[in-house]
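# Examining the three-dimensional arrangement
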Protein chains: 2
Amino acid sequence: MTPTDRPLIFVTNDDGVQAAGIAALMRLAAEFGDVVAVAPNESYSGMSHSITMQRPLFVSAVSREPGLEVYSCTGTPVDCVKIGFDEILRDRVPDLVLSGINHGSNANVSVVYSGTMGAATEAAMYGLPAIGLSLTDHSPAADFSAAVHYAREVIGRVLSCPAEQRKGLCLNVNVPNIPLDEIRGIRVCRQTRGNWREDFVHRTDPQNRDYYWMSGRFCNEEPEAVDSDEWALRQGFVAVVPVQMDLTDYARLDSLRERLDTGN
Amino acid sequence: MTPTDRPLIFVTNDDGVQAAGIAALMRLAAEFGDVVAVAPNESYSGMSHSITMQRPLFVSAVSREPGLEVYSCTGTPVDCVKIGFDEILRDRVPDLVLSGINHGSNANVSVVYSGTMGAATEAAMYGLPAIGLSLTDHSPAADFSAAVHYAREVIGRVLSCPAEQRKGLCLNVNVPNIPLDEIRGIRVCRQTRGNWREDFVHRTDPQNRDYYWMSGRFCNEEPEAVDSDEWALRQGFVAVVPVQMDLTDYARLDSLRERLDTGN
């Protein structure tokens, strides 16, 4: 491909290269620039920030048109970002990285389990601006039109940010599954506190072995917090949470130093 | 098993139930209380916070002795925690969760990719105190004696914390791969800033398909930061970083609200 003066947009997801959500996102991205997409060959939902260390990765070109290159990779979303940046793009540096549009919410602590957000945060660790986009509808045939409308708005605003503000910016964008004209606007929020508890579905296979299907429910510890992403979604807003990957629990540092530091 | 008055210690890892590191950790945990271990049936290194959504989980008892129950699970480290808490332990609540001892460092941003730390942070999201332990030696036959010595010290101090300080406490403990008498002590640190870049090993298989092995190197953005975990390890200290899973980038909230908020 011959480089152009248009912005370079890197696209990935966790639902797989064939998903409707990434098709919608690639079409949208092409409005803003040249697109290179590297996405998993199958669903890697729930794969978080995982990387493939036990087996090699296979990559194949799905399509190569001017302004739109699409690759399929046998790895996780984070693998797709890494092989996309370090092996496929090499010296071409994306102006923006988009991940999604995910079939299902990645609000609250779901951000931690999400392959969509794993890919977005990985890109941000390379210093690039990244946006993970999710629609709160798990259906493979979900209607992405409202999500695309708001994704277009967020992408335009991020691309118009000064470069120093874009560096390492990572947004977790969740769009409520309601008609476009019922969405009330965009709210920048923080991640809702809570956790996922599991009600495992327990069955026995024909060889009499027990097996379990994971089946979780989110326990919201702060349903009334008006600055939380779950609250914003429930009120009909698009929830935007900026995320970062320094996991240090700074609030505990001083008391732990008193309790644990030894030697000199 | 009949419950006892001893503390209940839950143990897991990401190198698999057969690894030398978890064997050392189970022996150590038994000094402090009754042990229930649920660990992957094979290596799940690099699996981060991933959960298994595409297939069911199989669980089998490896051993059931008084004070030591060990289970093998066909899922990720986070799956092991979830099925351990919600299906195996049920009403028994662990006093402490231990993950490791990992064969290899989980310092710096490696914490994000680590299955060992995925399990520890999952336990902390249930409100429990959790310690992820790693030795900076990838060898399957690594010498864990120094790591066990310092793990014993950290576990003892965490168990003696007041209950309100233990709630949701999560520690990422990395032990340098040097002889015990050369370790200078324990340092509470913050996560080193930097990222992992990949030099993929590119080969061609007998069917002429290209494949790639991931092969990364950590790029330390702050090698001289004396409060960082990489610095502490290099100086011969055991590095202890408290971690938490609210990924919100609070520093960006206000400027993003001005740029993105719409509607009312």
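Residues numbered from 1 in each chain as written. Chains lettered and ligands numbered in written order. Predicted model: local features only at pLDDT ≥ 70, side-chain atom pairs only at ≥ 80, totals over all residues. Heavy atoms only, no water.

### Comments concerning the pattern of salt bridges
If you walk through the whole model with that rule in mind, you get 28 salt bridges over all chains. Of the charged contacts, one joins Glu69 of chain B and Arg92 of chain B as a salt bridge, the two residues approaching to 3.2 Å between their closest N and O atoms. Here the residue Glu69 of chain B occupies a position in strand S4 (residues 68-73), and Arg92 of chain B occupies one in the loop between helix H2 (77-89) and strand S5 (96-103), the gap between them amounting to 23 residues. Note that Arg257 of chain B and Asp254 of chain B form a salt bridge whose closest N and O atoms lie 3.7 Å from each other. Placement of both Arg257 of chain B and Asp254 of chain B in helix H8 (residues 253-260) is noted, with a separation of three residues, approximately one turn of the helix. Among the residues examined, Asp254 of chain B registers a relative accessible area of 56% and is labelled exposed. Here the salt bridges share partners, and the residues they tie into one network are Arg190, Arg193, Glu222 and Asp227 of chain A. (Salt bridge = Lys/Arg side-chain N within 4 Å of Asp/Glu carboxyl O. Helix = DSSP H or I, 4+ residues; strand = E, 2+ residues; numbered from the N terminus. Buried < 20%, exposed > 50% of the residue type's maximum accessible area, 1.4 Å probe, protein only.)

### Describing the packing of aromatic side chains
With the rule as written, the count across this model stands at 10 aromatic pairs over all chains. Note on Phe58 of chain A and Tyr211 of chain B: the rings are 5.7 Å apart at their centroids and 40° apart in plane angle, and the pair reads as tilted. Of this pair, Phe58 of chain A sits in strand S3 (residues 57-65) while Tyr211 of chain B is found in strand S11 (residues 210-213), placing the two residues in two different chains. For Phe58 of chain A, a relative accessible area of 23% gives the class partly exposed. Through a chain of ring-to-ring contacts, three or more aromatic side chains come together here, namely Phe10, Phe85 and Tyr126 of chain A. Directly above the aromatic system of Phe237 of chain A lies the positively charged group of Arg187 of chain A, at a separation of 4.2 Å from the ring centroid. (Phe/Tyr/Trp six-rings, centres within 6.5 Å; stacked < 30°, edge-to-face > 60°. Lys NZ or Arg CZ within 6 Å of the ring centre and 35° of its normal.)

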